Amino acid sequence: MMMRRAFVVLLLICLGCSAQAPPAAQKPATAAQPSQSSSDLTAIMAKHIRAHYSLPPEVRLDFGPLRASEFPNFDALTVSFDGPDKKQSYDFLLSRDHKTLARITAMDLTTDPYAETMHKIDLTGRPTRGNKDAKVVVVNYDDFECPFCSKMHTTLFPEIFREYADKVLFVYKDYPLEEIHPWAVHAAINANCLAAQNVDAYWSYVDYLHGNQQAMRAVKGRAAEYAELDRLAILEGQKRNFDSAKLEACLKAQDQKAVRASMSEAEVVGVNATPTMFVNGAKLDGAVPAESVRAALDIALKEAGVSPPDHNAGAKDFGTAK
């Protein structure tokens, strides 16, 4: 049932990715409507929408009234997709002969869509690696328990980082998939507790968790997993002469506020799985190969007026930037 509900939520999110409403109607509908009952028309539209989007039975469709649209011979209407855990509304166009139902995505060509995405991402106080003055910023929404995230992390660090550390800034944000990764939220909180005192400690903790997931899987029981995550965080603090009382209080409190805020923000910018990266706002889904990351970085660098690295000249190790 959990997976079923997750599917419904994912479906509604995917629908929302192209659910920008067309501009407001300018002219009222004047064409005569065919002689067809409202209930019959609603039933026909519902059948087609369910078939087109493969909607499960538990998603209810609610149809709003017809209204004028800016498109000749088409009226607009809003259809609400009401699932068990999420409700979303989308705009459709209905031809006035009632023979065609359509959805469109309105794109405002006066704005930069990638810049708009980056404006929605709050990087305040986040630990970084790379050039703090870089014109290209990579934001990675991460889950410490996700195997695909670990694969992506080991591609970024050290492979990609060696080539781009002087040209790109790398930032991680939290998006733990807690329904399938039960200790991911705890790990994210612990990492943030470390970051509050030392950026290098944060990255060391992140590197270890992503590089040693097998060791974490060997720990049995939720309490034991949490205890191991806390032990690793305390060990990091000891290596760097942390204020131990402050760190232990943070670990014990397990304040989820910052992690939840990051998760909510991620959904606003279209994240529904991990890893998801944004390269100056351009989205990369999943554990893409290094070649795809390089291509995205090189495009962003060129657009920013920065020369990409010479990939044939050999990689330089730039170390870890604070």
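Everything below is about the structure shown above.
Computed from a predicted structure; not experimentally measured.

Overview of the overall build of the chain
Helix and strand content of the chain: 11 helices and 10 strands. Taking all 322 residues of the chain together, 43% fall into the buried category. Considering only intrachain contacts with a sequence separation of at least 6, the fraction spanning at least 24 residues in the chain is 70%. Counting only carbon and sulfur atoms, one obtains 54% of the accessible surface of the chain, whose full area is about 16,900 Å².

Quick word on the environment of Arg-240
For Arg-240, the location among the structural elements is in the loop between helix H8 (222-239) and helix H9 (244-253). Measuring from C-alpha to C-alpha, the distance between Arg-240 and Ala-201 comes to 7.6 Å, with 39 residues separating the pair along the chain.

So, the packing of aromatic side chains
Within this structure, the stated rule accounts for 10 aromatic pairs. Measuring from ring centre to ring centre gives 6.1 Å for Tyr-53 and Phe-81, while their planes differ by 80 degrees; the resulting arrangement is edge-to-face. With Tyr-53 in helix H2 (residues 38-53) and Phe-81 in strand E3 (residues 74-82), this residue pair connects regions lying 28 residues apart in the sequence. Judged by centre distance (5.1 Å) and plane angle (85 degrees), the rings of Tyr-202 and Trp-203 are edge-to-face. Classification of Tyr-202 as buried rests on a relative accessible area of 0%.

Let's talk about the sheet that holds strand E6 (residues 128-130)
Spatially, E6-E8-E7-E9-E10 is the arrangement adopted by the 5 strands of the open sheet, whose pairing is mixed. Both edges of this open sheet fall to E6 and strand E10 (282-285), since each of them pairs with a single strand only. Adjacent strand axes in the sheet meet at a mean angle of 20 degrees when their direction is disregarded. When strand E7 (residues 136-142) meets strand E9 (residues 276-279), the two strands line up antiparallel, connected through 4 bridges. Bridged to Asn-140 within E9 is Met-277.

Reading the values: the criteria
- Residues numbered from 1 in each chain as written.
- Predicted model: local features only at pLDDT ≥ 70, side-chain atom pairs only at ≥ 80, totals over all residues.
- Heavy atoms only, no water.
- Helix = DSSP H or I, 4+ residues; strand = E, 2+ residues; numbered from the N terminus.
- Buried < 20%, exposed > 50% of the residue type's maximum accessible area, 1.4 Å probe, protein only.
- Contact = heavy atoms within 4.5 Å.
- Areas by Shrake-Rupley, 256 points an atom, 1.4 Å probe, with all protein chains shown as cover.
- Phe/Tyr/Trp six-rings, centres within 6.5 Å; stacked < 30°, edge-to-face > 60°.
- Pairing = 2+ DSSP bridges.
- Axes fitted to C-alpha atoms, helices over the stretch in contact; angles between N-to-C directions.

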